[in-house]
Amino acid sequence: MHRRRSAMSDPGPSGRFGRFGGRYVPETLITACEELEEAFRDAWDDPAFRAALSQTLELYAGRPTPVTPALRLSADLGVTLLLKREDLTHTGSHKINNVLGQALLARRMGKTRLLAETGAGQHGVATATAGALLGLGVTVFMGERDMERQQLNVFRMRLLGAEVVGVSGGSRTLKDACSEALRHWVAAADDAHYCIGSVMGPHPYPWMVREFQRVVGEEARGQCASLLPRAVPDVVVACVGGGSNAAGTFAGFVDTPARLVGVEPAGGAAVAGGEPGVLHGFHSYVLQDEDGQIQEAHSISAGLDYPGVGPEHAHLADTGRATYVSVTDDEAVAAVARLARTEGILPALESAHALAWVLKAAGTPDLPAGSTVLVTLSGRGDKDADQLARLI
């Protein structure tokens, strides 16, 4: 099969995006990663696998998702704002795209269980959902702090049949859930597949997850072509924690003139405030002190509360193809209320970071009046209702 040649293409067996990426795992996991890379390459080149995934995404997950013009908010801001509606997928976020791909791949490899980490709970819910659909056991690791602020998603995972394991170490958030899931995978690799939720981890995960999420950007590019006179928006914006929704979105526009903007939380801005380092099996920008010790990230959004960023995002930042900015917790909360009250759409706190940058930038040199801007609304805000009720 002909492979796409673009700025976001196959990183090759080294798994390197420029100087970032790679595979930094214990010797016991090298074989598992190599087997996974071989299995993914084989499956991705198999028309039958691609067709099965596309059909499942359509009939089960609800693809394609629409691009919705935000008419009232556009009029307020003086820009044309379009929303790529990943909040309308089954389970309520973009996570299902990647999880269904990995779950079908795991079954193809003969695995019987899925392991996952989760922060906001949306990846955990998607993994539990795919496990129930395909008859695979599911264990989800989740920091105890995140379990407290995302109780609805904990209940959903358990109702779907998943075991949810609380992680009490460290900051009790996403970073610690990732560490615990990796430790568990060392002993369980023979029968379990580690279903990583973002474009992070050892090769082939950053590349594989981006390819499973590419559907977001490719759909959006075609939809924008029918909605916009110049076919391509001036600016494409997505929130970035690990960065899977942004990577999938950017993949559809990286070869166009569109400016790409990733929005990080101010308390976890790894691109702006980090240094090159190794975390959870990959080399990228990481929040760390002068001794190389990992520093804690802080965000109102459990899904963005991570001290690193996917290696391909680090490379896009280094090359200047994408720009990475940050917004505060207060700005994200205000963006939730603004979209809810002008468009009747309640975004997840993660997605609200991307929208908050648009609200702040509209009418400035960063986003001049008359610009067209696409924002990936990566998830819906039902999961954040209890938290928002205490904040708004």
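Report follows, based on the coordinates. (Residues numbered from 1 in each chain as written. Predicted model: local features only at pLDDT ≥ 70, side-chain atom pairs only at ≥ 80, totals over all residues. Heavy atoms only, no water.)

**Some thoughts on a negative patch on the surface**
Taken together, Glu27, Glu34, Glu35, Glu38 and Asp190 make up a surface patch of like negative charges. Tracing the chain through its elements places Glu27 in helix H1 (residues 27–44). (Patch = residues over 30% accessible without salt bridge, like charges linked within 9 Å, V, L, I, M, F, W, Y side chains within 5 Å. Areas by Shrake-Rupley, 256 points an atom, 1.4 Å probe, with all protein chains shown as cover. Salt bridge = Lys/Arg side-chain N within 4 Å of Asp/Glu carboxyl O. Lys, Arg positive; Asp, Glu negative; His and termini not counted. Charge placed at Lys NZ, Arg CZ, Asp CG, Glu CD. Helix = DSSP H or I, 4+ residues; strand = E, 2+ residues; numbered from the N terminus.)

**A word on the sheet that holds strand E6 (residues 137–143)**
A sheet is described by the order of its strands in space; here 4 strands give the open sequence E7-E6-E5-E8, paired in parallel fashion. With partners counted over all chains shown, the strands left at the sheet margins are strand E7 (163–167) and strand E8 (192–194), one partner each. Sheet twist, expressed as the mean angle between neighbouring strand axes with direction ignored, is 20°. For E6 and E7, the ladder comprises 5 bridges, and the chain directions are parallel. Across the sheet, the residue bridging to Thr139 is Glu163, located in E7. (Pairing = 2+ DSSP bridges. Axes fitted to C-alpha atoms, helices over the stretch in contact; angles between N-to-C directions.)

**Brief notes about the sheet that holds strand E9 (residues 235–239)**
As summarised here, the arrangement of the 6 strands in space is E3-E4-E14-E9-E10-E13, forming an open sheet in which the pairing is mixed. Among the strands making up the open sheet, the edge pair consists of strand E3 (67–69) and strand E13 (322–327). Within this sheet the neighbouring strands show an average axis-to-axis angle of 25°, counted without direction. As paired strands, E9 and strand E10 (residues 259–265) are joined by 5 bridges and run parallel to one another. Each bridged residue has a counterpart across the sheet, and for Val235 the counterpart in E10 is Arg259. Across the face of the sheet, helix H14 (residues 349–361) comes into contact with strand E4 (80–85), E9, E10, E13 and strand E14 (372–377) while running at roughly 140° to E9. (Contact = heavy atoms within 4.5 Å.)

**Some thoughts on the layout of surface pockets**
The gaps of empty space that remain are located by a probe, the size of a water molecule, rolled over the atoms. Counted as a void, the second largest pocket has a volume near 160 Å³. Every residue lining the second largest pocket is counted, 15 residues in all, and those nearest its centre are Ala32, Glu35, Lys111, Ala189 and Asp190. Sorting the residues of the lining of the second largest pocket by element identifies H1, helix H8 (174–188) and E8 as the ones contributing at least two each. By residue number, the principal contributor to the lining of the second largest pocket is H1, which donates 5 residues. Taken together, the residues that form the lining of the second largest pocket break down as 9 nonpolar, 3 polar and 3 charged. (1 Å grid on protein atoms, 1.4 Å probe; cavity = no way out; pocket = protein on both sides within 12 Å on 5 of 7 lines; lining within 4 Å. Points joined across faces, edges and corners; volume = space filled by probe spheres on them. Nonpolar A, V, L, I, M, F, W, Y, C, P; charged D, E, K, R; others polar.)

**Observations regarding the nonpolar core**
Counting residues in hydrophobic clusters, the biggest one holds 62 residues, and the most contacted among them are Leu105, Met157, Trp185 and Tyr194. Ignoring anything within four residues of it in the chain, the contact list for Met157 reads Thr118, Gly121, Gly124, Val125, Ala128, Val140, Met142, Ala162 and Val164. (Core = buried A, V, L, I, M, F, W, Y, C linked by side-chain atoms within 4.5 Å. Buried < 20%, exposed > 50% of the residue type's maximum accessible area, 1.4 Å probe, protein only.)

**With respect to the pattern of salt bridges**
Scanning the entire structure with this criterion turns up 27 salt bridges. Where Asp305 meets Arg145, a salt bridge forms, and the shortest distance between an N and an O atom there is 3.5 Å. Residue Asp305 is located in the loop between strand E12 (282–286) and helix H12 (311–319), and its partner Arg145 is located in helix H6 (residues 144–149); the two are separated by 160 residues in the primary sequence. Close ionic contact of Lys175 with Glu296 constitutes a salt bridge, the shortest N to O distance being 3.7 Å. Here Lys175 is found in helix H8, whereas its partner Glu296 is found in the loop between E12 and H12, with 121 residues between them in sequence.

**Overview of helix H2 (residues 47–61)**
End to end, H2 covers 20 Å across 15 residues, agreeing with the expected 21 Å (1.5 Å per residue, within 8%). Buried residues of H2: Phe49, Leu53, Thr56, Leu57 and Ala61, and no others. Each buried residue of H2 lies within a common arc of 100° when the element is viewed along its axis, so the set occupies one face. Those residues of H2 that are exposed and angled more than 90 degrees off the buried face are Pro47, Ala48, Gln55 and Leu59. In this structure, the buried residues of H2 make contact with H1, helix H4 (95–108), helix H5 (122–134) and helix H9 (205–227). For H2, the N-terminal cap is Asp46; the gap from its side-chain oxygen to the backbone nitrogen of Ala48 is 2.9 Å. Backbone geometry just downstream of H2 places Gly62 in the positive-phi region, at approximately 95°. (Expected span 1.5 Å × (residues − 1). Arc of directions from axis to C-beta. Polar contact = N/O pair within 3.5 Å; in protein donor to acceptor, adjacent residues only side chain to side chain.)

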